[in-house]
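So the chains spell out like this:
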Amino acid sequence: MQGKGVIKFFAILLAVVCIYQLSFTWVAQKVESDAKAYAKGNAEKEKAYLDSMSTQPVYPIFKHTYAFVLQRELALGLDLKGGMNVTMQIQLDELVRKIANDNPDATFNQALANADKLQADAKTSQKDYIALFVSEYEKLNPDGKLAAIFSTKDNQDHLKFNATNSEVEAYLRDLASTAVKQSFTVLNTRINQFGVTQPNIQLEASSNRILIELPGVKEPDRVRKLLSGTAKLEFYQTFDNSEAYQTIIAVDNLLGAKNKTAAKADSTKTPATATAAAKTDTAKKAGSLLSKVQKSAEKDTSANALAGKSQLAAQHPLLSVMSLNLYPGQNGQQQLGIGPVVGYALLKDTAKVNSYLHSKLAQSAIPRNMKFLWDVKPMKDAKQKAFALYAIKLSGAENGPVLSGAVITDARADVNQKGSPEVVMIMNSEGAQKWRAVTAEAAAATNKRAIAIVLDDNVYSAPNVQNEISGGVSSIEGSFTQEDTRDLANVLKAGRLPAPAHIVSEDVVGPSLGKQAIAASLLSCVLGLVVVLVFMIAYYNRAGTVAVVAVIINIFFLMGVLTSLGAVLTVPGVAGIVLTLGIAVDANVLVYERVREELALGKSLKIAIADGFKHALPSILDSQISTFLTGLILFIFGSGPIQGFATTLMIGIVTSLFCSLLISRVIFEWMLEKGWDIKFSNPWSSHTFKNANYAFVKNRFKFYIFSGTFIIAGIISIFVRGFSYGVDFEGGRNFIITFPNKNITTEQIHSVVDPSLLGRGTEVKTVNADKISITTNYLIQQNTPAVDVQVRKTLIEALATKPETKISDSDIQGQSKVSATIAEELKTSAVYTVLIAILVISAYIFIRFRKWQFSLGAMVATAHDALLVLSFFSLFNGILPFSLDIDQAFIAAILTVIGYSINDTVVVFDRIREFLDHKSKDEQTEDVINRAINSTLSRTIITALTVIFVLIVLFIFGGDVIKGFSFALLIGVIFGTYSSICVATPVIVDFGKKDLK
């Protein structure tokens, strides 16, 4: 084998990288374990401990901080870690009204109301809102002209008075798209500031929805407030640092004086006296304090001077957690920085700075027309995550901004004459007049004052004004990237396009569910892996140990690559790992079966191994490439759990190929060099399936009858009985309950709820540490207040059947409805994604096998497997002693079945093609195909058994949370194995009688 040195080098390099990437998870867990031990059950102390460690070096040798490590650990999704899942709807009806200046036209407002109703309807919820509105308007007023409503003074540059309805529709759609993107930008910024690890924010522009996943969130009320707040864009004048720094010093002196007063038990000075004294002495102490800061800052000559804070902690509380804006002058002395920035603070200290500045004592020293706001992004040149604090000047009798964002008519990212990114901002006539006066005042100042652009009380930009700006058109320049200018342009449009985002559904996942899912998944996967590896050794003897090593290395590489790419591991991701395990074993089995065939021909061990790898390569590549294409299509067109599954699958295929074809080969050659006796079977397994001659082709009509009968019965059942849908597919009513029994578990609640109708599709999750969330779709189709009361009563009665779960009506803390809009989108996405995947795979098979019958066989087998699983879940729903709910995990199971079915089918096809290429003239095509199926039967059965072993263990030990999911995988693999032999190949026979002769 050539290139062994390169393979070894690459394997070692990849191993080192994977160890490094996985080490972040180990270090992060060590810090979190220390936090738990320190807090001893106190959640506030635990959070404070972790916050304090965020900037501390915790990684040996490299000295990475905890915040750095946390961002690079293996991320767990909502189902494994818990958190919050929120869907937000952008209210385009309010946007349209604003563009029309709240036109009172009755037809216009009725069309909006009709469009709202149509979009709320599940059947039309996916349609474009603007198209719905225009269509309704034209129905109500066939001869009406929308331009008469929308061609306002503010819009006249973009929309003429004689514009057609189609032109108006295009204009509205463009503004709607901008509004959705702008809302996405605002929400994205808010969530990033919230500090969630690995948030997932998806923009569903077609339905004006933003899907947000926040794993690990423990403050859902704060998240709701954060996400629901309306974006508020404002323009403020600013104070120069030379004016505002004295206020910071005065506040610091007041806080220090208070601490000193409190420390003296015999002091008679009151806080009011202390305040007066501090104010009087501010001017005297300012110089000395600045001198102290200068000396402290001399140790760190950076412009931020973040280093000197610790020396001020005793007497100066505020300046111990923030640094003044200083820079080294020509004489070596620290000078006050120019501009509106008064200081800097590390991320972990910003909350403490806020508490000091907002205290009553501080407010007595801060002028009424001054307030302090943080920059929206951390400083680019800071070694640690630090934010700038701006001194904002309040204007007018109400102490507000000089201008609101409502005056902005347009904003765009552009490039100035020097080629640098800039933002062009356009205002209406009212805003242009005010803006001229504001900029004239700022430009006339000695140091050219800045105007702060503020959104949601965060400073997005504070450009200095060089000259008076008239005409309402301004350019904002700075050290921007192109991405920065796009974001700022979207922010500026927030005032012009006030399309608020409302939460239409939310799902809180408690941490206990995550722990159960993690424990069950890990236990079952480890046990399943052990069973598979023991079987491989028992069946393939010493060669089986090579497969064991290859599979273990493959899983190690897979987890390392997942971590390095920042992928989020979910239950569907676990499904991808299970399928990857089957794929990895399958490649080894293909090689080993080929080696056994070569040995049976009398070849030497060395030549048999070389020829085995050579002859197995086409089958392995065809099966892996077809499965990889499936994963790629799922990743491109899918969303949520579908993408998670696809990511794991694609990475697993690449690592499996590397380990099975290269690492295994290197190990075999090393064993040959050492003179080891390598055996590929044990006495009991040496003749398994050796002379198999089952009449698969002859009995194909029996298989047609069985499959057809099962599928027809399933389709009838689907129309008559339907499915048991989870709440994510059907929606439901959610109840937040405080149980008197504080030790209640979700399993105990399921045990009393599931046996009743209430248990159909019920989800039980913990909320924080003291509440339980129960969501049921019982009577969800009946949407009346009376039914709401009935469901609540039924829930209480069901829980009362056991003393440990009994509650009273007052224990229900909240009741709400969960929308099924996510499920509709997910179902549509899943169906189209699967169809596209089947078409792409069929095209690939046609190109590789040159016969359309092979493509047809693959399509029929894949559709057959999906229909069998769906039929099974409908036919046996309520009969088997566990849940057969159709939910997001079920979608992942179906995708796994499709991936496995395609992989298995292609391997069988490859052997059929090989046998047909060597067919003699007197042989019948049916006999050749039947012989090809029998020749690969050992590989098909062994691969299926290894995956089935894993799934049986997953089903038994995985727990109730994933029992239906693992069962879907189990029957899917069985059906997939059956279809590749008994369905796909008979299709080739019956449709290729002429072409295959």
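A quick note: this is a predicted structure, and the numbers were derived from the prediction, not measured.

A few words now on the environment of Thr485. The residue Thr485 is located in helix α16 (residues 482-496) in this model. On the basis of relative accessible area, Thr485 is assigned to the buried category, the value being 2%. As a C-alpha pair, Thr485 and Glu422 span 63 residues in sequence and 6.1 Å in three-dimensional space. Not counting the four nearest positions on each side in its chain, Thr485 is found in contact with Ala413, Pro421, Glu422, Val423 and Phe480.

Let us look at the nonpolar core. With 103 residues, the main nonpolar core has Tyr592, Phe668, Ile845, Phe873 and Phe909 as its most contacted residues. Residues contacting Tyr592, with those up to four places away along its chain left out, are Met536, Tyr540, Ala543, Gly544, Val546, Ala547, Phe668 and Phe680. Counting 38 residues, the second-largest nonpolar core is a separate cluster that includes Ala100, Phe150, Leu159 and Val180.

It is at 10 Å that the axes of helix α5 (residues 92-99) and helix α7 (residues 129-140) come closest, and there the two elements cross at 60 degrees. Classified by the interaxial angle, the pair formed by α5 and α7 is oblique. Crossing geometry of α5 relative to α7 is assigned as right-handed. Across the interface between the two elements, Leu92, Asp93 and Val96 of α5 pack against Tyr129, Ile130 and Phe133 of α7. Considering only residue class, the contact of α5 with α7 consists of five nonpolar, no polar and one charged.

Before going further, it helps to spend a moment on the pairing of strand β11 (residues 386-393). Among the eight residues of β11, seven are classified as buried, and the element is accordingly described as predominantly covered. For strand β5 (residues 233-238) and β11, the ladder comprises two bridges, and the chain directions are antiparallel. Bridge pairing in β11 places Gln237 opposite Lys393.

Time to look at helix α22 (residues 700-720). Compared with an ideal rise of 1.5 Å per residue, which puts 21 residues at 30 Å, α22 spans 30 Å between its outermost C-alpha atoms and is within 8% of the ideal. Downstream of α22 by one or two residues, Gly722 has phi in the positive range, about 75 degrees.

A few words on empty space enclosed by the protein. Within this structure, the stated rule accounts for four cavities of 30 Å³ or more. Space inside the largest cavity adds up to approximately 90 Å³. Lining the largest cavity are Leu590, Glu593, Arg594, Glu597, Ala616, Ser619, Val907, Asp910, Arg911, Ser935, Thr936 and Arg939. Of the residues forming the lining of the largest cavity, the biggest block, four residues, is contributed by helix α19 (residues 571-600). The class makeup of the residues in the lining of the largest cavity is three nonpolar, three polar and six charged.

Turning to the environment of Val407, a few remarks are in order. Secondary-structure assignment places Val407 in the loop between β12 (403-404) and β13 (408-415). Under the relative-accessibility criterion, Val407 is labelled buried at 8%. Each C-alpha atom, one on Val407 and one on Ser429, is 8.2 Å from the other, the two residues being 22 residues apart in sequence. When neighbours within four sequence positions are excluded, Val407 is seen to be in contact with Ile426, Met427, Asn428 and Gly431.

This brings us to the packing of aromatic side chains. Note on aromatic pairs: each is described by the distance of the centres and the angle between the planes. On inspection of all chains with the given rule, the structure shows 37 aromatic pairs. Ring centres 6.2 Å apart and planes at 85 degrees place the aromatic pair Phe133 and Phe150 in the edge-to-face group. In this pair, Phe133 sits in helix α7 while Phe150 sits in helix α8 (residues 147-150), placing the two residues 17 residues apart along the sequence. On the basis of relative accessible area, Phe133 is assigned to the buried category, the value being 0%. Positioned above the aromatic ring of Tyr38 is the side chain of Lys45, whose terminal nitrogen or guanidinium carbon lies 5.0 Å from the ring centre.

On to the pattern of salt bridges. Per the counting criterion, the structure on display carries 20 salt bridges. Its salt-bridge partner being Arg594, residue Glu597 comes within 3.9 Å of it at the nearest N-O pair. With Glu597 and Arg594 both in helix α19, this residue pair falls three residues apart, about one helical turn. By relative accessible area, Glu597 is classed as partly exposed at 29%. Overlapping salt bridges, with partners in common, bring together Arg594, Glu597, Arg911 and Glu914 in one network.

Now for the pairing of strand β15 (residues 451-455). Of all five residues in β15, five are buried, a share of seventy percent or more. Alternating positions in β15 separate into two faces, Ile451, Ile453 and Leu455 on one and Ala452 and Val454 on the other, with burial throughout. As paired strands, β5 and β15 are joined by five bridges and run antiparallel to one another. Residue pairing across strands places Tyr236 opposite Ala452, the latter belonging to β15. Across three bridges, β15 lies against strand β16 (residues 458-461) in antiparallel orientation. Note on β16: the bridge partner recorded for Leu455 is Asn458.

Every buried residue of helix α13 (residues 350-357) is listed here: Thr350, Val353 and Leu357. Projected down its long axis, α13 shows its buried positions confined to an angular sector of 60 degrees, all on one face.

Right, let's get into the side chain of Glu136. The residue Glu136 is located in helix α7 in this model. Taking the relative accessible area as the measure of exposure, Glu136 reaches 10% and is therefore buried.

Further remarks concern a nonpolar patch on the surface. Taken together, the side chains of Leu523, Leu527, Ile952, Ile956 and Phe957 make up a nonpolar region of the molecular surface, amounting to roughly 420 Å² of accessible area. Of all elements in the fold, only α17 (511-540) and α30 (937-957) reach the threshold of two or more residues within the nonpolar patch. Per-element accounting of the nonpolar patch gives the leading share, three residues, to α30. One can find Ile952 in helix α30. Take Ile952: its relative accessible area is 35%, and that puts it in the partly exposed class.

Strand order across the open sheet formed by three strands is β13-β14-β17, with antiparallel pairing between neighbours. Unpaired on one side and paired on the other, β13 and β17 (473-477) mark the two borders of the sheet. On average, each strand axis in the sheet is tilted by 20 degrees relative to the strand beside it, whichever way the strands run. In the sheet, strand β14 (residues 421-427) pairs with β17 via five bridges, with the strands oriented antiparallel. Each bridged residue has a counterpart across the sheet, and for Val424 the counterpart in β17 is Ser475. Running at roughly 115 degrees to β14, helix α15 (residues 429-444) makes contact with β14 and β17 of the sheet.

Let's shift gears to the confidence of the model for the protein chain. Residues with a pLDDT of 70 or more make up 78% of the protein chain, whose mean pLDDT is 77. Below a pLDDT of 50 lies the segment residues 122-126, which in the model reaches 12 contacts outside its immediate sequence neighbourhood of four places, other chains included. Low pLDDT, under 50, characterises residues 265-311; the predicted model gives this stretch 66 contacts beyond four residues in sequence or across chains.

Cut-offs and rules
Residues numbered from 1 in each chain as written. Predicted model: local features only at pLDDT ≥ 70, side-chain atom pairs only at ≥ 80, totals over all residues. Heavy atoms only, no water. Helix = DSSP H or I, 4+ residues; strand = E, 2+ residues; numbered from the N terminus. Buried < 20%, exposed > 50% of the residue type's maximum accessible area, 1.4 Å probe, protein only. Contact = heavy atoms within 4.5 Å. Core = buried A, V, L, I, M, F, W, Y, C linked by side-chain atoms within 4.5 Å. Axes fitted to C-alpha atoms, helices over the stretch in contact; angles between N-to-C directions. Parallel < 35°, antiparallel > 145°, perpendicular 65-115°, else oblique. Left-handed = near helix turned anticlockwise from the far one by under 90°. Nonpolar A, V, L, I, M, F, W, Y, C, P; charged D, E, K, R; others polar. Pairing = 2+ DSSP bridges. Expected span 1.5 Å × (residues − 1). 1 Å grid on protein atoms, 1.4 Å probe; cavity = no way out; pocket = protein on both sides within 12 Å on 5 of 7 lines; lining within 4 Å. Points joined across faces, edges and corners; volume = space filled by probe spheres on them. Phe/Tyr/Trp six-rings, centres within 6.5 Å; stacked < 30°, edge-to-face > 60°. Lys NZ or Arg CZ within 6 Å of the ring centre and 35° of its normal. Salt bridge = Lys/Arg side-chain N within 4 Å of Asp/Glu carboxyl O. Arc of directions from axis to C-beta. Patch = residues over 30% accessible without salt bridge, like charges linked within 9 Å, V, L, I, M, F, W, Y side chains within 5 Å. Areas by Shrake-Rupley, 256 points an atom, 1.4 Å probe, with all protein chains shown as cover. pLDDT = per-residue confidence, 0-100.

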